[in-house]
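Observations on the three-dimensional arrangement
This is what each chain is made of:
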Amino acid sequence: MGGLAWNKRTRLVGLTLLLGALVAALVVARRPEGGASTSRPMAGRLAAATVVPGEPAAKPGGGVRPRQLLDPGGFGVLMANLPSWKAGDSLQQIARAWDRPGITLLKVSEAPLESARRAGDQAGTIRLHVTRAMLWTSEGRTDRAARELDDARKLADADAALRAEWLCSLLYLQGVTAMRRGENDNCIDCRGDGSCILPIAPTAVHTRTDGSRAAIGYFARLLEEYPDDLEVRWLLNLAHMTLGEYPDRVDPRYLVPLDRFVDSERDIGRFRDVAHLAGVNKLNQAGSGVFEDLDGDGLFDLVVSSFDPAEPLEIYRNRGDGTFEPRGASAGVADQLGGMFCVQADYNNDGRMDLFVARGAWLPVPIRPSLLRNDGDGKFTDVTREAGLLHPVNSNSAAWADYDNDSWLDLFVCCELQPNRLYRNRGDGTFEEVAGRAGLRCASVLGRTACCKGATWIDYDNDDDPDLFLNFRVGDAALFRNEGDGTFTDATAAQGIDGPREGFSCWAFDYDNDGWLDIFATCYDRSLADVVHGLAGEPHRRHSNRLFHNRGGRGFEDVAKAAGLDLV
């Protein structure tokens, strides 16, 4: 059969354990305010209701409980149940694990669902319906997900105790599922040139209104129970926006004002989505993009990668008339599957831009990267093995620079679950890994895997030696000074770098044109409620982005707040 590579015996023997993991993955724990991240599937049985610090407590007198912290999209369920691949497996072998995994897990869940029904286990049946709804959503089938949630609602409404436990959670899931339906019907099937851009433009207002209209009903009903749930209030406002009804038709009790966000200090115009006109409106998961003249004709071409380990890399050649033509297959990259990140560089000094593709981000098992040599005839050759870069890692980012000033670009690879890697370019088409002796492995912070998420080379002291700034998902950012002898010294504290905590992407540029490179580092600490606070110009409770102003090589000063960049 298609799907996950499980044989019949494995499925039968592991059925009970699988469904236990499925149910466990329903609730994703959220950290208390200001605490460390705990975003992972919970062990054991599904908790009746997770009351999070800062969220509304259960109503006195037997009222319904707050909504549980659920993953409507099903990513946690899939990650808990995908069969593991080996670190050395090929891209094609890994892709097999991603062959419609939600459908396979749905088939596995059918027998336990029937057993729960026959046994009269109403609570277990609700949990399995919710799990199945998440899996249907992961496959893009919001219609089937809605049916599962309707069945769960019928069971919960028929029993007072189950209704108290599940009503708010089910209303939330029904609302989000309805909004996803609206997104599928409009933003994907008949997109406008302003789709998915806030504030929503008239061209992005939904013409197929059933999804958002249903979502408004579910969220309004949930807010009758917990009117101070800011996340649900925001979703209600957003649903009205998609129908062109914000703010006039939003219930005044739940209106989220966005005057500060909508009324910009400066008019920079509006961006229009022209992907469908340019021929690059490919439907795939998030990944990376590179604009570069790959064929030397003076026009920028486009490279698009995808997080999905089964999705091939695509190269679009710029025709010069505002449109692009797909050339992935003819360029020889159709077998380059997956890749959260890609970046260009002329690693062999032949005047042609090559590509490096990093993989494995957010996944539990590492995946090999790819170095693709530009052969100059419209084709690329995978030279990863002979270049010495085949080592599998979990990587979200990488950065090129000639750190040793030998005229050959070197490569730093951020690693989530392994020590970072610095590949020194030997100048003969091969690289040697030197992060350890260079002092850049950064394997752990306070005993935990550091999880490096971003890197940017920056000559912060203008001594012509590229220094390195790193952003970590765990702990604080770090700045390393290039000593000019192949080694780096930790200059974080000495240069006044004190964050961000829970960092992500980062860039180095001279934002104030004073001749000294500055650093902008983003922060991944977030909640939807705090994002809304930021949009509304209100104080939030999260760590935030940092804009480090370079004080002439004498240290950095965080000016994010003054610059208006300290949002969540």
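Residues numbered from 1 in each chain as written. Predicted model: local features only at pLDDT ≥ 70, side-chain atom pairs only at ≥ 80, totals over all residues. Heavy atoms only, no water.

Our next topic: the overall build of the protein. The number of helices and strands found in the protein is 16 helices and 22 strands. Long-range pairs, those at least 24 residues apart, make up 54% of the contacts in the protein with a sequence separation of at least 6. Summed over its atoms, the accessible surface of the protein is roughly 25600 Å², and 51% of this surface lies on carbon and sulfur atoms. (Helix = DSSP H or I, 4+ residues; strand = E, 2+ residues; numbered from the N terminus. Contact = heavy atoms within 4.5 Å. Areas by Shrake-Rupley, 256 points an atom, 1.4 Å probe, with all protein chains shown as cover.)

Within a sheet, adjacent strands bond to each other through the backbone by hydrogen bonds, running parallel or antiparallel. Read from one edge of the open sheet, four strands run β15-β16-β17-β18, paired in antiparallel fashion. Edge positions in the sheet fall to β15 (452-458) and β18 (488-490), since each of these pairs with one other strand and no more. The mean angle between the axes of side-by-side strands here comes to 25°, regardless of whether they run parallel or antiparallel. Relative to strand β17 (residues 478-482), strand β16 (residues 467-472) runs antiparallel, the two being bridged by three bridges. The residue bridging Phe469 from the neighbouring strand is Leu479, located in β17. (Pairing = 2+ DSSP bridges. Axes fitted to C-alpha atoms, helices over the stretch in contact; angles between N-to-C directions.)

Now for the packing of helix α5 (residues 101-118) against helix α6 (residues 122-138). It is at 10 Å that the axes of α5 and α6 come closest, and there the two elements cross at 165°. Between α5 and α6, the angle is such that the two are roughly antiparallel. Of the two possible hands of crossing, α5 and α6 adopt the one that is left-handed. Between α5 and α6, the contacting residues are Gly102, Ile103, Leu105, Leu106, Ser109, Glu110, Pro112, Leu113, Ala116 and Arg117 on the first element and Gly124, Thr125, Leu128, His129, Arg132, Leu135, Trp136 and Ser138 on the second. In terms of residue class, the contact of α5 with α6 is made up of nine nonpolar, six polar and three charged. (Parallel < 35°, antiparallel > 145°, perpendicular 65-115°, else oblique. Left-handed = near helix turned anticlockwise from the far one by under 90°. Nonpolar A, V, L, I, M, F, W, Y, C, P; charged D, E, K, R; others polar.)

Here we take up the pattern of salt bridges. Between side chains of opposite charge, a pair can form when the charged atoms approach closely. By the definition in use, this model includes 39 salt bridges. One salt bridge connects Asp210 with Arg181, and the closest N-O pair in it is separated by 3.5 Å. Of the two residues, Asp210 sits in helix α9 (residues 210-225) while Arg181 sits in helix α8 (residues 160-188), which places them 29 residues apart along the sequence. The closest approach of N and O atoms between Asp463 and Arg481, which form a salt bridge, is 3.7 Å. Of the two residues, Asp463 is situated in the loop between β15 and β16 and Arg481 in strand β17; the sequence distance between them amounts to 18 residues. According to the relative accessible area criterion, Arg481 is partly exposed, its value standing at 29%. (Salt bridge = Lys/Arg side-chain N within 4 Å of Asp/Glu carboxyl O. Buried < 20%, exposed > 50% of the residue type's maximum accessible area, 1.4 Å probe, protein only.)

Of all five residues in strand β3 (residues 314-318), four are buried, a share of seventy percent or more. Across three bridges, the pairing between strand β2 (residues 301-304) and β3 is antiparallel. In the strand pairing of β3, Leu302 is matched with Tyr316. In terms of strand pairing, β3 meets strand β4 (residues 324-326) through three bridges, oriented antiparallel. Bridging from a neighbouring strand, Tyr316 pairs with Pro326 of β4. Hairpin connection between β3 and β4: a loop of five residues separates the two successive antiparallel strands, and Gly320 in this loop has a positive phi of roughly 90°.

Most of the time, phi is negative for any residue but glycine, and the peptide bond is trans. With an omega of 0°, the peptide bond between Tyr246 and Pro247 qualifies as cis. Within the element layout of this structure, Pro247 appears in the loop between α10 (230-242) and α11 (259-262). Here the residue pair Gly499 and Pro500 is connected by a cis peptide bond, since its omega of 0° sits within 30 degrees of zero. Locating Pro500 in the fold gives a position in the loop between β18 and β19 (503-509). The phi dihedral of Glu502 is positive, around 55°, even though this residue is not glycine. Take Glu502: it is sitting in the loop between β18 and β19. Judged by its relative accessible area of 6%, Glu502 falls in the buried class.

Another point: the nonpolar core. Judged by nonpolar contacts, the single largest core of 36 residues is most densely connected at Trp85, Trp98, Ile126, Val130, Trp166, Leu170 and Leu363. Elements with a minimum of two residues in this core: α3 (75-81), α4 (91-96), α5, α6, α7 (142-157) and α8. The element contributing the most residues to this core is α6, with six residues. Leu167, Met179, Leu230 and Leu235 belong to the second-largest nonpolar core, a separate cluster that totals 29 residues. (Core = buried A, V, L, I, M, F, W, Y, C linked by side-chain atoms within 4.5 Å.)

Spatially, four strands are ordered β19-β20-β21-β22 in an open sheet, and the strand pairing comes out antiparallel. Strand pairing shows two members of the sheet lacking a second neighbour, β19 and β22 (556-558), which therefore form its edges. Strand after strand, the sheet turns through a mean of 20° between neighbouring axes, direction not considered. Strand direction decides the pairing type here: β19 and strand β20 (residues 518-523), joined by five bridges, are antiparallel. Note that in β20 the partner of Ala508 across the bridge is Ile519.

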